[in-house]
Amino acid sequence: DLAQRQRSAQERMAALDRQRAATEDRIATRRSELSRTMTELSLHREPGPLQHYLMNDAATDALLADVYLGHAARAQAADLASLQGQAGALQTERARAEDDRRALVEQAEAQRTARETLAADQAAQRLALEQLSQTLNQQRRTASAMEADEKRLTRVVEQLQRVIERQAAEERARREAARKVAEQKAAAASRNRAATRDAPPNERVRPEAAAPERAPDETVGTGAFARLRGQLRLPARGSVTGRFGAPRGNSGATWKGVFVKTEPGADVHAVAAGRVVFADDLRGFGNLLIVDHGDQYLSIYGNNETLLRHTGDTVAAGDVVSRSGSSSGDEQTGLYFELRFRGRPFDPMTWTGGR
């Protein structure tokens, strides 16, 4: 691996350094030997060999010595040149080894940087995955909470619908009974008038006055609310930040009504005449008010700071029924508003004309 190659390069450089040191020692020795040889050669050449030969018999020995020293000097010079060549080759190889070592160091540094970068990327990926997992879990929890809140409101509306339908049925039965009683009384009065015409004046029976018919309840079964389509106004002044059917953030849930962003404590008005059938805190919707407008139409006002009406109160169109707030835990202050028919929510904006 790279570490082993680095160790091998270091060992190779150390060996080359030792070889070069030994070669340089040999070069120094050869230089010293050559210097001595050249000195001796210089001394023997005073006077020249030919002069020695002509002067006496010892010239032969001097000439031989001169030749020997010349050969020795040339051999020493050649050996010195060879050693210098070896030293140059060792220096070149040492330079190549140093280049290899630097390349290995750079490669190791690059690998270290790559490992650190990879580790940082992996850590960032793990963090991103953890954050994504937390976000998804939060979204699932939020979506589950919103779904649970909607189911809770639906159960309340269904219970109210059953109560309203039962009361409407009772009212219809009461009216039918009153109608039959009125018919019976009218028939009896008719018979009495016929008998009175035939009886003597002093025996005439005074007819009983018919009971006055009770005025119909305008909040049940009259169709009055349905005729208000396109004429309603939003219950509070503000900007609509959540529209029917639009996503509620990243939760996966959608708005079942509209959210009107308002100033804290803004007046909330009843959109039409009706009767308050629910006025209490409901988890997920805060302080909640529900008004029955008859014919199975309901208007729902949530996230209120304060409720100003109670269950059973009758309200007229435009009456202030609550103050907007943030009691549902929503980050924005305002009013959550729904319209429902037969328990099902529908887009309030189609009934307000955007007003």
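It should be emphasised that the depicted structure is a prediction, and the values quoted were computed from it without experimental measurement.

About the cut-offs
- Residues numbered from 1 in each chain as written.
- Predicted model: local features only at pLDDT ≥ 70, side-chain atom pairs only at ≥ 80, totals over all residues.
- Heavy atoms only, no water.
- Helix = DSSP H or I, 4+ residues; strand = E, 2+ residues; numbered from the N terminus.
- Contact = heavy atoms within 4.5 Å.
- Areas by Shrake-Rupley, 256 points an atom, 1.4 Å probe, with all protein chains shown as cover.
- Salt bridge = Lys/Arg side-chain N within 4 Å of Asp/Glu carboxyl O.
- Buried < 20%, exposed > 50% of the residue type's maximum accessible area, 1.4 Å probe, protein only.
- Pairing = 2+ DSSP bridges.
- Phe/Tyr/Trp six-rings, centres within 6.5 Å; stacked < 30°, edge-to-face > 60°.
- Core = buried A, V, L, I, M, F, W, Y, C linked by side-chain atoms within 4.5 Å.
- pLDDT = per-residue confidence, 0-100.

**Focus on the overall build of the chain**
A count of helices and strands for the chain gives four helices and 10 strands. What you see in the chain, going N to C, is helices and strands ordered as α-α-α-β-β-β-β-β-β-β-β-β-β-α. Residue pairs in contact within the chain that sit at least 24 positions apart in sequence constitute 69% of those at least 6 positions apart. Just so you have it, the chain exposes about 22000 Å², and 51% of that area is on carbon and sulfur atoms.

**Quick word on the pattern of salt bridges**
Across all of its chains, the model carries 16 salt bridges by this definition. Salt-bridge contacts for Lys256 lead to Glu150; the nearest nitrogen and oxygen are separated by 3.4 Å. With Lys256 in the loop between strand E1 (239-242) and strand E2 (258-261) and Glu150 in helix H3 (residues 59-198), the pair connects residues that are 106 residues apart, well separated along the chain. Relative accessible area serves as the criterion here: at 24%, Lys256 is assigned to the partly exposed category. Between Glu171 and Arg175 there is a salt bridge, and its shortest N-O distance comes to 3.2 Å. One end of the pair, Glu171, and the other, Arg175, are both in helix H3, four residues apart, so they sit about a helical turn from each other. Relative accessible area serves as the criterion here: at 23%, Glu171 is assigned to the partly exposed category. Bridged by salt links that share partners, the residues Arg12, Glu93 and Asp100 form one connected network.

**Section: the pairing of strand E9 (residues 334-341)**
The element E9 is extensively covered by neighbouring structure, given that seven of its eight residues are classed as buried. Bridging between E2 and E9 involves four bridges; their strand directions are antiparallel. For Val260, the partnering residue across the bridge sits in E9 and is Leu335. Pairing analysis gives six bridges linking strand E6 (residues 297-307) to E9, with the strands arranged antiparallel. By the bridge assignment for E9, Leu298 is matched with Arg340. Between E9 and the antiparallel strand that follows it, strand E10 (residues 344-346), lie two residues; Arg342 among them carries a positive phi value of about 55°.

**Some remarks on the side chain of Glu150**
A residue is classified by how much of its surface remains accessible, and Glu150, at 18% relative accessible area, is buried. Ignoring any residue separated from it by four or fewer positions in sequence, one finds Glu150 in contact with Thr254, Lys256 and Phe285.

**Examining the packing of aromatic side chains**
Think of a pair of aromatic rings as described by two things: how far the centres are apart, and how the planes are tilted against each other in angle. One pass over the structure, following the stated rule, counts 10 aromatic pairs. Aromatic side chains Phe285 and Tyr336 sit 5.7 Å apart centroid to centroid with 40° between the ring planes, which places their arrangement in the tilted category. Here the residue Phe285 occupies a position in the loop between strand E4 (274-282) and strand E5 (286-294), and Tyr336 occupies one in strand E9, the gap between them amounting to 51 residues. With a relative accessible area of 7%, Phe285 lands in the buried category. By relative accessible area, which is 6% here, Tyr336 ends up buried. Ring plane angle 40° and centroid distance 5.5 Å describe the contact between Tyr301 and Phe337, whose orientation is recorded as tilted.

**What to know about the nonpolar core**
One finds Phe225, Val271, Tyr301, Phe337, Leu339 and Trp351 to be the most contacted residues of the largest nonpolar core, which totals 23 residues. If you tally residues by element for this core, the top one is E9, at three residues. Not counting the four nearest positions on each side in its chain, Phe337 is found in contact with Leu234, Pro235, Gly257, Val258, Val271, Ser299, Ile300, Tyr301 and Pro348. Counting 16 residues, the second largest nonpolar core, distinct from the first, contains Val156, Ile164, Val277 and Ile290.

**A short note on the confidence of the model for the chain**
Summary statistics for the chain give a mean pLDDT of 80 and a share of 79% for residues scoring 70 or more. Below pLDDT 50 for its whole length, residues 203-222 participates in 19 contacts with residues either more than four positions away or in separate chains.

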